[in-house]
Amino acid sequence: MMIRPPHSVLLVVGREDFAPPTTFGGATCVATPDCVAVAVIDVTQSPTRIALSPSPGHDLRKLGEFWIESEGLVSIRDIFGREHDTMGVPPGLTLVTIWGDRDDAPRDVAVQITR
């Protein structure tokens, strides 16, 4: 799926009432207990290709690995809360691994969900 997320940020969330990170601190991916934020390519340069699956990204680099709390769904959203993809998971802690085609502001992002 190709998208143009506002402000070049994707959010991977596990709860409806989530708390996003407040800063990236120079990292490409950062997390809170229920949200992972990913800095992606500038929307004026290119759309971002996203994938959400239980499999790792092919030919992509591991950008980060985080445990987040989920209520039974993990979704990829933009900063305005628009949902782009969703996967059902058992409630509780879910391992989220972010893969990208480059270490800084990736154009291709795969979100791997592992229980």
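For clarity, every value in this text was computed on a predicted model and none was experimentally measured.

Explanation requested: the sheet that holds strand β6 (residues 61-70) in the structure shown.
What links the strands of a sheet is backbone hydrogen bonding, and the strands pair in either a parallel or an antiparallel sense. Spatial ordering of the open sheet is given by β1-β5-β10-β9-β6, a layout of five strands whose pairing is mixed. Edge positions in the sheet fall to β1 (2-3) and β6, since each has one partner strand and no second. As defined by bridge partners, β1 adjoins strand β5 (residues 48-53) across two bridges and the pair is classed as antiparallel. Its bridge partner lying in β5, Ile 3 is registered against Thr 48.

Explanation requested: unusual backbone geometry in the structure shown.
The bulk of non-glycine residues show a negative phi, and the bulk of peptide bonds are trans. The backbone phi angle of His 7 is positive, close to 60°, even though this residue is not glycine. Here His 7 lies in the loop between β1 and β2 (9-13). One non-glycine residue, Ala 105, lies in the positive phi region at around 50°. Along the chain, the position of Ala 105 falls in the loop between β9 (92-100) and β10 (108-114). On the accessibility criterion, Ala 105 (17% relative accessible area) is buried.

The rules behind the values
Every residue gets a number counted from 1 within its own chain, in the order that chain's sequence is written. Reporting in this predicted model follows two pLDDT cut-offs: at least 70 for local features of residues, and 80 or more for side-chain atom pairs to be given and counted; totals over whole chains, interfaces and linings ignore these cut-offs and use all residues. Side-chain numbers here rest on the full set of heavy atoms in the structure, without hydrogens or water. For two strands to be treated as a pair, DSSP must find at least two bridges joining them. In this text, helices come from DSSP runs of H or I with a minimum length of four residues, and strands from runs of E with a minimum of two, each type numbered from the N-terminal end. Each residue's exposure class comes from its accessible area (1.4 Å probe, protein chains only) as a fraction of the maximum for that residue type: buried when under 20%, exposed when over 50%, partly exposed otherwise.

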